Amino acid sequence: MGYRTTSRIPKIAAAPDNSGIYKALYEEAAQRIGCKLTIIRLPKQRLMRMLNSGEIDFYPGFTFTEKRAEHIHFAINGLPSLNVGLTLAEVREVTDYRQLEGKTLLLSLGGPVPDGLPQNINFKTPPELNFHTAIEMIVTNKADFFEAEIAELSYYLKSHPDRERVRFHYHCCGGYQPLLLGFSRQSPLYNSEANPDYRSSLPLSFKNQTHRSTSDSIATRFFRALQRMQEDGSTHALFEEHYGIHPRNFLDSMVTKE
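As a starting point, this report considers the structure included with it.

This next bit is on the overall build of the chain. Counting its secondary structure elements, the chain contains 7 helices and 12 strands. Seen through its C-alpha atoms, the chain measures out along the principal axes to roughly 55 × 45 × 35 Å. A total of 258 residues make up the chain; the buried ones form 47% of that total. Contacts in the chain between residues at least 24 apart in sequence constitute 66% of all its contacts with a sequence separation of at least 6. A total of about 13,400 Å² of accessible surface is found on the chain, and carbon and sulfur atoms cover 47% of it. Of the charged side chains in the chain, 30 are positive and 29 negative, and the gap between their average positions amounts to 3 Å.

Below, the structure written as structure tokens:
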């Protein structure tokens, strides 16, 4: 596994410390198929070249693009992701942006405005909007709503003194989407073959890739181990351990995004 030298706690600490959920997740999946995980930390541009050439087998969290798919196979790693809303604890469940009419929404300066917002809504764009600022503005009634990715926000909030004064809104902001790993199609662990389920009439996506790994390859065994970890609850237990929230709290009734 390759990852850049900088940290993204709790996913991975700064090199040379590789601790975090990525190490725990992929180390267990490797062990389940009789393999050993080796982690290489290098600048990202160099890692991308090595990933494309097969010198590194996979990158632990990778967003699908058509350009990347020329060299990379994308597989679900089992970790969940979704954007959630954050408000004061007493606010009723928000399931639609239209419920924010007349409210004040926090946005990053120059950041994207979510689709579907009502016209009668106020915006505040602090010059340095981070989790600390957002929580402080909400609990002091200077803003009503803040949207962020659940894992990183949960990690920040799990030991925050105002944790009980705020709440998450799970069904407001686009729904669940699986996180992906990127596995090199040039890796010696990946035996490439044409994907019989590929449909040229549909856009390329992680669900519609031109190639797949053969059933007897180590890569396929690795993907299946990750799937079994998700099914038997191991992945969700790791998520709760690292982020302070169990996915059962938000996965019910979620809609998968393409």
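The rest of the description comes next.
Now for the state of the cysteines. With the rule as written, the count across this model stands at 1 disulfide. Disulfide partner of C172: C173, at an S-S distance of 2.3 Å. On the S-S bond that ties C172 to C173, the torsion sits near -75 degrees, and the link is left-handed. Comparing C172 with C173, the two get one shared label, buried.

Right, let's talk about the sheet that holds strand β5 (residues 83-88) for a bit. Taken together, 5 strands build an open sheet; the order of strands is β7-β6-β8-β5-β9 and the sheet is mixed. Single-partner strands in this sheet number two, and they are β7 (122-124) and β9 (166-169). Strand-to-strand twist of the sheet, defined as the mean angle between neighbouring strand axes without regard to direction, takes the value 30 degrees. Across 4 bridges, the pairing between β5 and strand β8 (residues 145-149) is antiparallel. When the sheet's bridge partners are listed, L86 is paired in β8 with F146. Packed onto the sheet, helix α4 (residues 150-157) meets β5, β8 and β9 and runs at close to 110 degrees relative to β8.

What follows concerns the packing of aromatic side chains. Two measures describe an aromatic ring pair: the distance that separates the ring centres and the angle between the ring planes. Under the counting rule described, the total for this entry stands at 19 aromatic pairs. Seen in terms of ring centroids, Y59 and F62 are 5.3 Å apart; in terms of plane orientation they differ by 50 degrees. Their pairing is tilted. What makes Y59 buried here is its relative accessible area of 3%. On the basis of relative accessible area, F62 is assigned to the buried category, the value being 5%. Ring-pair connections join several aromatic residues into one group, and the members of that group are Y3, Y22, Y26, F58, Y59, F62, F64, F74, F183, Y190, F222 and F223. One Lys or Arg, R68, reaches over the ring of F62 and ends 4.0 Å from the middle of that ring. In this structure, R163 packs its charged tip against the face of F168, placed 5.1 Å from the ring centre.

Ordered by their spatial adjacency, 3 strands build an open sheet running β3-β10-β4, and the pairing between neighbours is antiparallel. Taken across any chain shown, the strands that pair with only one partner, and hence form the sheet edges, are β3 (58-59) and β4 (72-81). As defined by bridge partners, β4 adjoins strand β10 (residues 177-184) across 7 bridges and the pair is classed as antiparallel. Opposite I72, over in β10, you have S184 as the bridge partner. Its contacts with the sheet put helix α1 (residues 21-32) on β3, β4 and β10, and the angle it makes with β4 is roughly 115 degrees.

This part is about the side chain of S234. Inspection of the secondary structure assignment puts S234 in helix α6 (residues 234-243). Given a relative accessible area of 18%, S234 falls into the buried group. With residues up to four places along the chain from it excluded, the contact list for S234 reads E28, R32 and M229.

Bringing the pattern of salt bridges into the picture now. Applying the stated criterion across every chain, the model contains 9 salt bridges. A salt bridge links R32 to E28; its shortest N-O distance comes to 2.8 Å. One end of the pair, R32, and the other, E28, are both in helix α1, 4 residues apart, so they sit about a helical turn from each other. Its relative accessible area of 34% is what places R32 among the partly exposed residues.

Attention now moves to the environment of K36. Residue position: K36 is located in the loop between α1 and β2 (40-41). The exposure class assigned to K36 is exposed, which follows from its relative accessible area of 76%. Here the alpha-carbon distance between K36 and D232, two residues 196 residues apart in the chain, equals 21 Å.

Reading guide: rules and limits
Residues numbered from 1 in each chain as written. Predicted model: local features only at pLDDT ≥ 70, side-chain atom pairs only at ≥ 80, totals over all residues. Heavy atoms only, no water. Helix = DSSP H or I, 4+ residues; strand = E, 2+ residues; numbered from the N terminus. Buried < 20%, exposed > 50% of the residue type's maximum accessible area, 1.4 Å probe, protein only. Contact = heavy atoms within 4.5 Å. Areas by Shrake-Rupley, 256 points an atom, 1.4 Å probe, with all protein chains shown as cover. Lys, Arg positive; Asp, Glu negative; His and termini not counted. Charge placed at Lys NZ, Arg CZ, Asp CG, Glu CD. Disulfide = S-S within 2.5 Å. Pairing = 2+ DSSP bridges. Axes fitted to C-alpha atoms, helices over the stretch in contact; angles between N-to-C directions. Phe/Tyr/Trp six-rings, centres within 6.5 Å; stacked < 30°, edge-to-face > 60°. Lys NZ or Arg CZ within 6 Å of the ring centre and 35° of its normal. Salt bridge = Lys/Arg side-chain N within 4 Å of Asp/Glu carboxyl O.

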